[in-house]
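# Summary of structural features
Chain by chain, the residues run as shown.
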Amino acid sequence: MTRSTRERIVDEALRLFAERGYAATSVAEIEAASGLSPGAGGLYRHFKSKYEVLAAAINQHATRTRSQVAESLAELSAMEASADLEERLAHMCRAGLAKVREESELTRVFFRDLSQFPELVAVVRQGLLQPMFDAIVTWFMAQPEYHDVDLDWAGIAAVLGGSVVHYRLFQETVGELPGHAEKDQFVTAWVRLAVGLLPSPAPVR
C-alpha cells in the first residue's frame, strides 16, 4: 500500500527521532528520509513544525492502539468457545508482547524526549498504556472461569500487563532477555501465574 507524503513524513520522523533523538533530528533530515528535497520546506506544506510531526505520530499511534485493543478483545471473545483457558491466556500474552514490540520506536522516543512535552506524555498514557491495562481487566472479568473470583483486577492488570511491557523494554534497553528467559518460557510462566488466580478446589474429605 502506497503511503501518502504526510504518512511518510510521520513514519520517517518517528524513526529518526528514535534513532537520533528529537533535538538532534533536523527538518531537512526528515524531508530527505521522506523523499522530499532536503531544506526546501516540503515538510511545511503538511505540518507547521517539527513538533507538530511528533504530535501527529503520537496521536496516530494512540488511535491505532485503541482500534487494536478492540480488535484483540473481539478476537479473544471469539476464541472462548473453541479454546481452553490456557490457550486464551497465551494468545493474550503474545498479543501484548507483539504490541509492545510494534511500538519500539515510540518507546525510545518516549523515554528519551517526551518528558519535555507533558501533553504528549498524557496522550501516550491515555491512548497507549492505559487502554492495554483496561483491556486486561475487561478480558479477565468477562471470562467464565473468573466470574466468581473476587480479586483486585486493576492491581492484577498492573502486574500482568506490566510484566509484558517490562519484558520487551528490558530487551530494548539492555539488549538481552530478562533472566535469559526465551519468549515461550515467559508466556508459559505468565499463563501459569494467571491460572493460579483461580481458587483451588476444596480438598476431598
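These figures come from a predicted structure and were not determined experimentally.

## Some words on the pattern of salt bridges
For the structure shown, the criterion picks out twelve salt bridges. Of the charged contacts, one joins Glu19 and Arg15 as a salt bridge, the two residues approaching to 3.2 Å between their closest N and O atoms. In this pair, Glu19 and Arg15 are both assigned in helix H1 (residues 5–20), four residues apart and thus about one turn of the helix distant. Residue Glu19 is classed as partly exposed on the basis of its relative accessible area of 47%. A residue is classified by how much of its surface remains accessible, and Arg15, at 28% relative accessible area, is partly exposed. The residue Glu103 makes a salt bridge to Arg64 at a minimum N-O spacing of 3.5 Å. With Glu103 in the loop between helix H4 (85–102) and helix H5 (104–113) and Arg64 in helix H3 (residues 50–79), this residue pair connects regions lying 39 residues apart in the sequence. Given a relative accessible area of 6%, Glu103 falls into the buried group.

## Thoughts on the domain arrangement of the chain
Split into domains, the chain comes out as domain 1 (1–48) and domain 2 (58–197). Relative placement of domain 1 and domain 2: their C-alpha centres are 30 Å apart. The largest contributions to the domain 1 side of the interface with domain 2 come from Leu14, Ala18 and Tyr22, which together make up 62% of the buried area. Taken together, the connections running from domain 1 to domain 2 amount to zero salt bridges. On inspection of domain 1 and its partner domain 2, the count reaches three residue pairs in polar contact (both at pLDDT 80 or more).

## Points about the side chain of Gln143
In this fold, Gln143 is placed in the loop between helix H6 (118–142) and helix H7 (153–174). Of the polar contacts made by the side chain of Gln143, one reaches the side chain of Arg88; its length is 2.7 Å. Filtering out sequence-adjacent residues up to four positions away, Gln143 remains in contact with Glu80 and Arg88.

## Section: helix H8 (residues 183–195)
Compared with an ideal rise of 1.5 Å per residue, which puts 13 residues at 18 Å, H8 spans 18 Å between its outermost C-alpha atoms and is within 8% of the ideal. For H8, every residue scored as buried is listed here: Phe186, Val187, Trp190, Val191 and Ala194. One side of H8 carries all its buried residues, which in axial view fall inside an arc of 130°. Structural note: H8 exposes Arg192 and Leu193 on the side pointing more than 90 degrees away from its buried face. Next to the buried residues of H8 lie H4, H6 and H7.

## Some thoughts on the UniProt feature "DNA-binding region" (unreviewed entry) in the chain
Sites flagged by UniProt as "DNA-binding region" (unreviewed entry) map to residues 28–47. Structurally, residues 28–47 is divided into 30% helix and 0% strand, and its ends, taken at the C-alpha atoms, are 13 Å apart.

## A short note on the packing of aromatic side chains
In the structure shown here, the tally under the stated rule is nine aromatic pairs. Ring plane angle 55° and centroid distance 5.1 Å describe the contact between Phe17 and Tyr22, whose orientation is recorded as tilted. Overall, Tyr22 belongs to the buried group, its relative accessible area being 11%. Seen from the ring of Tyr22, Lys50 lies directly overhead, with NZ or CZ sitting 4.4 Å from the centre.

## Notes on unusual backbone geometry
One non-glycine residue, His180, lies in the positive phi region at around 60°. Its location among the elements puts His180 in the loop between H7 and H8. Looking at His180, the relative accessible area reads 60%, which means it is exposed.

## Quick look at the environment of Val53
Here Val53 shows up in helix H3. Taking the C-alpha atoms as reference points, Val53 and Ser67, separated by 14 residues in sequence, lie 21 Å from one another. With residues up to four places along the chain from it excluded, the contact list for Val53 reads Ile9, Val10, Ala13, Leu43 and Phe47.

The rules behind the values
Residues numbered from 1 in each chain as written. Predicted model: local features only at pLDDT ≥ 70, side-chain atom pairs only at ≥ 80, totals over all residues. Heavy atoms only, no water. Salt bridge = Lys/Arg side-chain N within 4 Å of Asp/Glu carboxyl O. Helix = DSSP H or I, 4+ residues; strand = E, 2+ residues; numbered from the N terminus. Buried < 20%, exposed > 50% of the residue type's maximum accessible area, 1.4 Å probe, protein only. Domains from an automatic or database assignment. Buried area = accessible area lost by both parts, 1.4 Å probe. Polar contact = N/O pair within 3.5 Å; in protein donor to acceptor, adjacent residues only side chain to side chain. Contact = heavy atoms within 4.5 Å. Expected span 1.5 Å × (residues − 1). Arc of directions from axis to C-beta. UniProt positions renumbered as here; feature names shortened; annotations may be inferred. Phe/Tyr/Trp six-rings, centres within 6.5 Å; stacked < 30°, edge-to-face > 60°. Lys NZ or Arg CZ within 6 Å of the ring centre and 35° of its normal.

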